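# Fold and geometry: a report
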Amino acid sequence: MKNSVLIAFSIMFLGLAQGASAALNVFACEPEWGALVQELGGDKVSIYTATTAMQDPHRIQARPSLIARARSADLLVCTGSELEIGWLPILLRQSGNDAIQPGKAGYFEAANYVQMLEKPTRLDRAEGDVHPGGNPHIQTDPRNILLVANALLPRLTQIDHNNAAYYEARHKAFADRWKSALQRWEKEAVPLKGLPIIVQHKGFPYMENWLGLKEVAALEPKPGVEPTSSHLAEVLSQVQSQKVAVIIRAAYNDGRASDWLAERAKIHALALPFTVGGSEKATDLFGLYEDTIQRLLSAIK
Amino acid sequence: MFNKTPCAVAIGTALMVIFSADVMAADSAELQKIHNEIQQLKENYEARIQSLETRLKDAEAFAAKADDKASQVASAPVSGPPSGANSFNPAISLVLSGTYSNLSQDPANYRITGYVPSGDIGPGKRGFSLAESELGVYANIDPDFYGGLNFAMHPDNTASVEEAFVQTIGLKRGLTFKAGRYFSGIGYLNEQHAHVWDFVDNPLAYQAFLGTQLGEDGLQVKWLAPTDTYLELGAEIGRGRSFPGSDRDKNGAGASTIFAHAGGDVGINQSWRAGLSFLQTSPQNRQYSVIDAAGDTVKNAFTGNSGLWIADFVWKYAPNGDPAFSNFKLQGEYLRRREDGNLAYKVDTSPVISSYASAQSGWYVQGVYQFVPHWRVGLRTERLSSGGVDYGVNNANLLRPDYIPTKNSVMVDYSPSEFSRLRLQLAQDKSRQGAADNQVFLQYIMSLGAHGAHIY
């Protein structure tokens, strides 16, 4: 037994001799941040994206594969605002990686760099799955992407200062492309202003704020609580009285509740990509918003 | 009507003519001087215009920057929470749990036939009772340490410290040290708190070989390999106070473990973890009561070595890797224990000391399926092997039943939210020879307070 313990320890210390790999290892909690780091980091970064657009970011399990990837990360880019509270703390604690602990340069929470909406005034679990810091789904407003990119640049250059000029150049190029894309999107989205919508999960306040959409109701009676039939009936009566044009949900949401309502109310039910990878066209950040706007426009034609 | 404009033009022209005539009259030196002054004035203005243009450009750039922000609601920075004496309070979570049990056999004489009693095991009390309620207080201590305490409140009004440990956070190179009281990292279920179990009770094998769960006072080190496939190696040295060890007055360590876990994803839908662990203890005078060959209740004591191997695996399936709607989890563990040393029969009255050797094993396999949100069903089947037990000369005094304890359980649970769960479990427990126990459990598990993240 003593020998086996010794062997175990020697294997561990052999492991310590391992060198770091060349590219900057980035662990992105959500696809949008993986895509953003790709825009800024180019071929100087190696990105692992922990979740896909088809997964509810609230309900991820601290799988062994995630722990293994957190172990070798130089930079962790997550949304924050407690979106990942159910799994990220386990990854951080079990990773044995000091570079990505909160407070270190390698720990980046995007929500710290944008204006948060829907900060709850009442913190009570009876209100459902509320986030004390505000609604964490900040990526539905592309203006936030630029703010996060601006905050991410100094982190990249701090952690990997040898490539600082490279990151700065890519950031500038991205910001320029992004600003012109923003103008284009906002122009295209003009007809959407004031559009009354119903959302499945309260995941779109930032998009509503950006495009001037009017959220009339949510299918989830409380955030994170599945739609119930009685609540759906209530929403149905609201649809009829308030001339709602469309029900929107994220790609990962189960479509049955919104399809049920759409059929009864004879309106469109739209699955928006919500993040990169959430639809065929949303292959990168530009595609994400282009597709989102096209889908919304298709509903009012 | 007399028009004003032609009049003004006429006057202006007249004045200009007079002025030019005047200038022409002046000498050329004067002219040069005026010319210079005008030139100077011009240059002066150009410089000022240039500086104004630069300032304008700067302002525009600033405005554009502000625009990025201002196009958001307001540009005021996020204000932090108000500070106060309690703002550094740790995360507190309280788990409330209660059961109603309907048992066809008296739980007071619960035992697993052919197995040394391992402590406080069995299906619990009949009727209504509190199940284990837990109070957990956890927080980062400073940038280097994390720590916490978990109190378990038992139905009989006693409380015990389930966990009280400190551990390093973010030590470099995949290393984590833990010290204090903790659930040992062996096996799969051992580290999990009762409130995350998929069934009301722990498997028979855990009850028989670990006295339900191995808590350890000691030191643990874990190392996570820098590979994309999860590979974790760990070792512990500890007091070995609980079964299969025994508390004693001794320097040094009474128990040690080593374990290895590997895991990963298969595609996007599946994930897995498998492990192999070994627990070594050397119990001294580990006493227990048993009914001997003559039918009397006697007290025996074991001193020697105990080694336990555990092989474990868990496999999870979720469509698109999103367990929110539906998911399936299959897990199983195999435990095998060898003990050898001396056994004192009738240790209190007329002890007969003899050699003792045993090799016993057991396993369970369980599957839990969430078929729609909130609802899960589970099935567990388990079996212990009585294996070989040799009491030496005490073979005449002690029974060596040839019996295979088995148990089958089925459960259904409903979780209105991720903080509450209601469960119905039916089981047929044949751990006692000749006395099948038909069990019905109703259970609630509710968690209040901090939103604890659960391990895989």
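Counting restarts for each chain: residues are numbered from 1 in the order of the written sequence. To read the labels, note that chains go from A and ligands from 1, taken in the order they are written. Reporting in this predicted model follows two pLDDT cut-offs: at least 70 for local features of residues, and 80 or more for side-chain atom pairs to be given and counted; totals over whole chains, interfaces and linings ignore these cut-offs and use all residues. Side-chain metrics in this entry use all non-hydrogen atoms of the structure; hydrogen atoms and water are not considered.

The name an unreviewed UniProt entry gives chain B is Phosphate-selective porin O/P, with Sulfurirhabdus autotrophica as the organism.

Per an unreviewed UniProt entry, chain A is named Zinc/manganese transport system substrate-binding protein, and its organism is Sulfurirhabdus autotrophica.

### Things to note about the pairing of strand β18 (residues 437–449) of chain B
Residue and element names in this part refer to chain B. Summarising the sheet, strand β1 (residues 91–103) and β18 pair through 11 bridges and their orientation is antiparallel. What sits directly across from G98, in β18, is Y444. One bridge is not enough; two strands pair if DSSP finds at least two bridges between them. Comment: elements are numbered from the N terminus, with helices defined as DSSP H or I runs of at least four residues and strands as E runs of at least two. Pairing analysis gives 10 bridges linking strand β17 (residues 420–430) to β18, with the strands arranged antiparallel. Bridging from a neighbouring strand, R421 pairs with I445 of β18. The turn joining β17 and β18, which pair antiparallel and follow one another in sequence, is formed by 6 residues; a positive phi near 75 degrees is taken by G434.

### A word on empty space enclosed by the protein
All names here are of chain A. A cavity, in this analysis, means grid points on a 1 Å lattice covering only the protein atoms where a 1.4 Å probe fits yet has no way out; a pocket is instead an open set bounded by protein on both sides within 12 Å along at least five of seven lines, and a residue lines either one if it has an atom within 4 Å of a point. Grid points are joined across faces, edges and corners, and a volume is the space filled by probe spheres set on the points. Counted by the stated rule, this structure contains 4 cavities of 30 Å³ or more. For the largest cavity, the calculated volume is near 150 Å³. Split into classes, the residues belonging to the lining of the largest cavity amount to 8 nonpolar, 5 polar and 4 charged. The residue makeup of the lining of the second largest cavity, split by class, is 6 nonpolar, 7 polar and 2 charged. Just so you know, the domain bounds were taken from an automatic or database domain assignment. Structurally, the lining of the second largest cavity is a two-domain feature, drawing no fewer than three residues from each of domain 1 (24–185) and domain 2 (189–299). Residue polarity is assigned by list, with Asp, Glu, Lys and Arg as charged and Ala, Val, Leu, Ile, Met, Phe, Trp, Tyr, Cys and Pro as nonpolar; anything else, Gly included, falls into the polar class.

### Considerations on the packing of helix α2 (residues 31–41) of chain A against helix α5 (residues 142–159) of chain A
Residues and elements named next belong to chain A. It is at 10 Å that the axes of α2 and α5 come closest, and there the two elements cross at 60 degrees. Classed by the angle they form, the pair α2 and α5 counts as oblique. The hand of the α2/α5 crossing is right-handed. Judged by residue contacts, W33, L36, V37 and L40 of α2 engage I145, V148, A149, L152, L153 and L156 from α5. Simply put, an axis is a line fit to the C-alpha atoms, just over the touching stretch for a helix, and the angle between two N-to-C directions goes from 0 to 180 degrees. By the definition adopted for this analysis, an angle is roughly parallel if under 35 degrees, roughly antiparallel if over 145, roughly perpendicular if from 65 to 115, and oblique otherwise. Should the near helix be turned anticlockwise from the far one by less than a right angle, the crossing is left-handed, and should it be turned clockwise, the crossing is right-handed. Between two residues, a contact is recorded if the distance between any of their heavy atoms is within 4.5 Å.

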